[in-house]
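# Working through the structure, step by step
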Amino acid sequence: MNFEGRTAIVSGAGRGIGRSHALLLAELHAHVVVNDLGVDREGRGVDRVPAESVVAEIVAAGGSASANHSDVSSAEGAAELVEGAVQMFGGIDILINNAGVLTGHDFPFTPVDDLRRNLDVHLVGAFELTRAAWPHLRMSDAGRVVMTSSSGLFGDLDLIAYGSAKAGVVGLAAGLAAVGARDGVGVNTIAPIANTRMSDPDPVFDSFTPRDVSAVVAYLAHSDCQLNGVTLAAGGGRVARIAIGESAGHVQQDLTIEDVADNIDTICDTGELFVPNDMAGYFRAFLGRVSDRKRLP
Ligand SMILES: NC(=O)c1ccc[n+]([C@@H]2O[C@H](COP(=O)([O-])OP(=O)(O)OC[C@H]3O[C@@H](n4cnc5c(N)ncnc54)[C@H](O)[C@@H]3O)[C@@H](O)[C@H]2O)c1
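## Brief notes about empty space enclosed by the protein
Counting across every chain of the model gives 1 cavity of 30 Å³ or more. Lining the largest cavity we find 14 residues, and of these Asn97, Ala99, Val121, His122 and Ala126 sit closest to its centre. Mapped by element, the contributors of at least two residues to the lining of the largest cavity are α4 (112–139), β5 (143–148) and α5 (160–183). For the lining of the largest cavity, the class distribution of residues is 7 nonpolar, 6 polar and 1 charged.

Encoded structure:
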């Protein structure tokens with residue numbers, strides 16, 4: 001599987017996991033636009049060196065790449081990045097929304113600015129960049145978007161702001177997958193785990209290379225990949241699906257508080273989880289279950 005003739009934008013590709021995506025896609029013959037604002041882990045400062053050194057590394061290995069230093073959380077930055085990519089390589093086939101920051105405070109000491117910073121980079125950034133790139137992705141015969149979420153979406157007491165933004169990314173991807181089904185663009189998400197400055201020097205993750213994550217991202221970015229609206233966990237060589245689903249639940253007429261209490265175990269039993277592809281599919285299933293109620297005595 002290679003990317004001959006394809007152009008990919010990778011945001012936040014100056015370091016860590018994004019750098020690894022850029023190197024792998026370039027190795028597999030894609031033209032790669034290496035975007036990075038060059039901020040610290042919390043999103044402060046600006047540095048042109050990370051993006052430029054990744055481009056130098058790709059070019060030295062015989063690949064094709066161009067650096068960009070836009071802030072993807074702004075509409076102007078996103079537009080500039082997309083315009084630059086189109087001018088340089090003539091179109092966009094692949095967008096990897098990877099740029100990220102991490103701030104952690106125990107709740108209720110999490111300031112709202114923390115939440116805003118995380119939402120701005122992860123959610124608004126992915127929204128703006130995908131919006132700017134969409135007309136070009138539609139024109140590609142195999143437009144692909146890969147979003148970056150996190151296990152933080154499952155909830156952690158230190159990561160309220162980060163986890164909220166990463167859960168938002170999954171919602172954004174679900175909506176864009178519905179649009180993508182109409183427009184011929186595949187939109188999927190990864191929840192990576194890899195040893196970078198963001199994951200903290202935790203020895204448990206020493207062997208979790210960014211490259212293992214990039215293999216999954218490259219698959220999702222490839223024209224052969226027919227998935228849409230799927231979230232894959234990737235880390236340490238393991239790949240698995242993360243899905244939002246609904247239990248079979250309990251249905252009856254004239255539901256009372258006692259009925260809810262009496263059936264709470266059935267209501268919460270995820271043994272028969274239904275994972276809808278989109279909201280329309282969700283409502284079809286929901287209405288089907290409610291109409292079963294009418295057949296009850
Ligand atoms: N490392 C992990 O285990 C892990 C786990 C879950 C999710 N993630 C996610 O994976 C992605 C990459 O993380 P990483 O570990 O490589 O982190 P990293 O800090 O090493 O790299 C992130 C890069 O994004 C860039 N960036 C930040 N804000 C930007 C902006 N507004 N515009 C352009 N570039 C910007 C930074 O300069 C940095 O180079 C992030 O979205 C992160 O939340 C990482």
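Don't stop here, the text continues.
## A look at the environment of Ala67
Considering the arrangement of structural elements, one finds Ala67 in strand β3 (residues 64–68). Counting along the chain gives 32 residues from Ala67 to Asn35, while the straight-line C-alpha distance between them is 5.9 Å.

## Some thoughts on the site of the ligand
Close to the ligand lie 30 residues; Asp36, Asn98, Tyr162, Thr196 and Arg197 are nearest. With respect to the ligand, the backbone of Leu37 contributes an N or O atom lying 3.3 Å from a nitrogen atom. Contact with the protein chains hides 97% of the accessible area of the ligand, taken as 830 Å² for the molecule alone. The cavity that encloses the ligand is the largest pocket. For the shell around the ligand, the secondary structure elements donating two or more residues are α1 (16–27), α4, α5 and β6 (185–193).

## Re the packing of aromatic side chains
Tallying each qualifying case throughout the model produces 3 aromatic pairs. For the ring pair Phe205 and Phe208, a centre distance of 5.1 Å and an interplane angle of 80 degrees mean the geometry is edge-to-face. Taken together, the ring pairs in this structure connect Tyr282, Phe283 and Phe286 into an aromatic cluster.

## Some details on the packing of helix α3 (residues 75–89) against α4
Pairs of packed helices are described in terms of their axes, by the angle between the two and the distance that separates them. Two elements in contact, α3 and α4, have axes whose closest approach is 8 Å; the angle formed by their N-to-C orientations is 30 degrees. When the axes of α3 and α4 are compared, the pair comes out roughly parallel. Crossing angle aside, the handedness with which α3 passes α4 is right-handed. Between α3 and α4, the residues in contact are Ala75, Ala78, Ala79, Leu81, Val82 and Val86 and Glu128, Leu129, Ala132, Ala133 and His136, respectively. Here the contact of α3 with α4 is built from residues that sort into 9 nonpolar, 1 polar and 1 charged.

Quick notes on the rules
- Residue positions are given per chain, counted from 1 along the sequence in the order it is written.
- Per-residue local features are limited, in this predicted model, to residues with pLDDT of at least 70; the limit for side-chain atom pairs, both in listing and counting, is 80 or more; totals at the level of whole chains, interfaces and linings are taken over all residues.
- Excluded from the side-chain calculations are hydrogens and water; all other atoms, namely the structure's heavy atoms, are used.
- Within this scheme a cavity is a closed region of a 1 Å grid, computed over the protein atoms alone, that accommodates a 1.4 Å probe without allowing it to escape, whereas a pocket is open but has protein on both sides within 12 Å along at least five of seven lines; lining residues each have an atom within 4 Å of a point.
- Grid points are joined across faces, edges and corners, and a volume is the space filled by probe spheres set on the points.
- Counting from the N terminus, the helices are DSSP H or I runs at least four residues long and the strands are E runs at least two residues long.
- In this classification, the charged set is Asp, Glu, Lys and Arg, the nonpolar set is Ala, Val, Leu, Ile, Met, Phe, Trp, Tyr, Cys and Pro, and all remaining amino acids, among them Gly, are polar.
- Residues are labelled near a given molecule or strand when at least one of their non-hydrogen atoms is within 4 Å of it.
- Between N or O atoms, a polar contact is any pair within 3.5 Å; within protein, one atom must be a potential hydrogen donor and the other a potential acceptor, and residues adjacent in sequence are included only when both atoms are from side chains.
- What sets the accessible areas is the Shrake-Rupley method with a 1.4 Å probe; for residues, cover comes only from the shown protein chains.
- For a cavity or pocket, the test is whether more than half of a molecule's atoms lie within 2 Å of its grid points; if they do, the molecule sits there.
- Here a Phe, Tyr or Trp ring, Trp counted by its six-membered ring, pairs with any other such ring whose centre lies within 6.5 Å, and the pair is stacked when the planes are under 30 degrees apart, edge-to-face when over 60, and tilted otherwise.
- The angle between two axes is taken between their N-to-C directions and runs from 0 to 180 degrees, where each axis is a line fitted to C-alpha atoms and a helix contributes only its stretch in contact.
- The scheme is simple: roughly parallel for angles under 35 degrees, roughly antiparallel for over 145, roughly perpendicular for 65 to 115, oblique for anything else.
- Crossing handedness is read from the near helix: turned anticlockwise from the far helix by less than a right angle, it gives a left-handed crossing, and turned clockwise, a right-handed one.
- In what follows, a contact means two residues having at least one pair of non-hydrogen atoms within 4.5 Å.

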